[in-house]
There are 2 protein chains.
Amino acid sequence: MRRVPAQIAARLPGAAELFADRGLEDTKVEDIASATGVPKATLYYYFAGKEEILAFLFQDALQQMADEVTMAVQAADSAATRLTAVVQAQLRVMADQPAVCRALVGNLGRAGRIPEIATAITEAYYTPVQHLLEEGVRDGSLRATEDPATTAMVLFGAVTMSALSYLATDRPLSAESLSPSILTVVLEGLLPPDSAPQES
Amino acid sequence: MRRVPAQIAARLPGAAELFADRGLEDTKVEDIASATGVPKATLYYYFAGKEEILAFLFQDALQQMADEVTMAVQAADSAATRLTAVVQAQLRVMADQPAVCRALVGNLGRAGRIPEIATAITEAYYTPVQHLLEEGVRDGSLRATEDPATTAMVLFGAVTMSALSYLATDRPLSAESLSPSILTVVLEGLLPPDSAPQES
DNA sequence: CACGGAGTTAGACTGTTAGTCTAGACTCGT
DNA sequence: ACGAGTCTAGACTAACAGTCTAACTCCGTG
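Calculation rules
- Residues numbered from 1 in each chain as written.
- Chains lettered and ligands numbered in written order.
- Predicted model: local features only at pLDDT ≥ 70, side-chain atom pairs only at ≥ 80, totals over all residues.
- Heavy atoms only, no water.
- Near = heavy atom within 4 Å.
- Polar contact = N/O pair within 3.5 Å; in protein donor to acceptor, adjacent residues only side chain to side chain.
- Helix = DSSP H or I, 4+ residues; strand = E, 2+ residues; numbered from the N terminus.
- Contact = heavy atoms within 4.5 Å.
- Buried area = accessible area lost by both parts, 1.4 Å probe.
- Salt bridge = Lys/Arg side-chain N within 4 Å of Asp/Glu carboxyl O.
- Buried < 20%, exposed > 50% of the residue type's maximum accessible area, 1.4 Å probe, protein only.

Help me out: how do you make sense of the protein's contact with DNA strand D in this one?
Around DNA strand D lies a shell formed by Thr27(A), Lys28(A), Val29(A), Lys40(A), Tyr44(A), Gly49(A), Lys50(A), Pro39(B), Ala41(B), Thr42(B), Tyr45(B) and Tyr46(B). Near the protein, within 4 Å, the atoms of DNA strand D are sugar or phosphate in 73% of cases. Within the contact set of DNA strand D, a phosphate oxygen lies 3.3 Å away from a side-chain nitrogen or oxygen of Tyr45(B). For the surface near DNA strand D, the secondary structure elements donating two or more residues are α4 (40–46) of chain A together with α4 (40–46) of chain B. Ranked by residue count, the leading element in the surface near DNA strand D is α4(B), at four residues.

Pasting the structure below:
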């Protein structure tokens, strides 16, 4: 993939809408060309195919996610507070780029098959969150879990899926309105406050 | 879609492997034919195209999911206990049909565009779980959440995403080994047991 | 101002594959 | 034996991804 000039990169998000609405398969390269105003020949000049265009959009969104998550993780607060910030950061990025996120989730399978994307998700999210969970155990602000890697996945899934349900139904997604519902569950759990902690 | 005879239906899961590994787009109808032993002409005799074959596989798995979830929901225990059973039921179905589930999750976007599938997921999962959450508030075994619909989504996402990570990396998925990690988070939360309940 | 290289594009072309169609074969109930 | 429905091979069409070529623009440099 050649270095993509900013002028062209700026027009590509127009394609995300198509990918999100119809899926990659049903999006013709000609459609991308006319939606973005970038001619087909030029698209092929920069990208090996539409899959690479999709990957480019994902990289972009994931970079933004990585930045936001990193910032949240590096704050000076307790791990629990920072975890809250991470969830809100993810929701903010998803709210910010609804089309790309819908396309990403709608093509999770394909995305998983693109090694760069899988790596990017791991680096942007799982690894930092996993470390954060471990720190939380150390600073006493979070409960120890059997397997922090799985817990990170649980968090990611919880946030992603509920955000997606908003995006998929064209309801506006705002981090402020959704995060309390999610955070209540993952931080305090579904058992009532007065019940004794129990093994499942 | 014609009524699909059992003999043919029984062979179709062989196609799920292909869909899961390569995605729908990169799976040729000829490949499906040779993987399942059902000739291409016959596939077109019963299905309008490969998308319909995928949908058929999904319906099947989702029916199984609906059955298991319904059974779990209708047990005579407290809502909290039944919720635990629901999570385990979902994990069991996913462990049981790894290829179909990978294909399903990897094609969630497409599935969202097939109305029958979206409806089936809602009926098999969201609606019963949402009712269960409301019952839990009534019988005192679960905490009240702002929005049970969102909470159901959070649960579904948490279970689906973590299970998927196992399936995607070819680690064997067993409901027994994964459910405790998930249930600890969603039932007891990530805050330490001795911390006072707090607003986020 | 020539020159050359890189970016950009139109448009023609090729190959693959989804999906159609036809005609025949193989059931099975009557 | 007959007819209706099931099943299949193989030829065919149409659409689309991706390639290629040949031009044109816009640079900076000598």
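What am I meant to see in the interface of chain A and chain B here?
It is common to report an interface's size as the accessible area lost on association of the parts. Contact with chain A, which involves 56 residues of that partner, is made by 55 residues of chain B. In this assembly, chain A packs against chain B so that about 4,900 Å² is buried in total across both faces, 60% of it on carbon and sulfur atoms. Counting across the chain A and chain B interface gives four salt bridges. The partner of Arg143(B) in a salt bridge is Glu188(A), and the shortest N-O contact between them spans 3.0 Å. Seen at the junction of chain A and chain B, the total is twelve residue pairs in polar contact (both at pLDDT 80 or more).

What should I look at first to understand the protein's contact with DNA strand C in this one?
The full set close to DNA strand C counts 13 residues, and Thr42(A), Tyr45(A), Tyr46(A), Lys28(B) and Lys40(B) are the nearest of them. Across the atoms of DNA strand C situated within 4 Å of the protein, the share located in sugar and phosphate is 73%. Here a phosphate oxygen of DNA strand C sits 2.8 Å away from a polar atom, N or O, in the side chain of Tyr45(A). Of all the secondary-structure elements, those providing two or more residues to the surface near DNA strand C are α4 of chain A together with α4 of chain B. If you tally residues by element for the surface near DNA strand C, the top one is α4(A), at four residues.

Looking at this structure, how should I read the environment of Gly106(B)?
Secondary-structure assignment places Gly106(B) in helix α7 (residues 98–106). The class for Gly106(B) is buried, based on a relative accessible area of 12%. Here the alpha-carbon distance between Gly106(B) and Leu164(B), two residues 58 residues apart in the chain, equals 9.2 Å. Residues in contact with Gly106(B), not counting those within four places in the same chain, are Gly106(A), Asn107(A), Leu108(A), Gly109(A) and Arg110(A).

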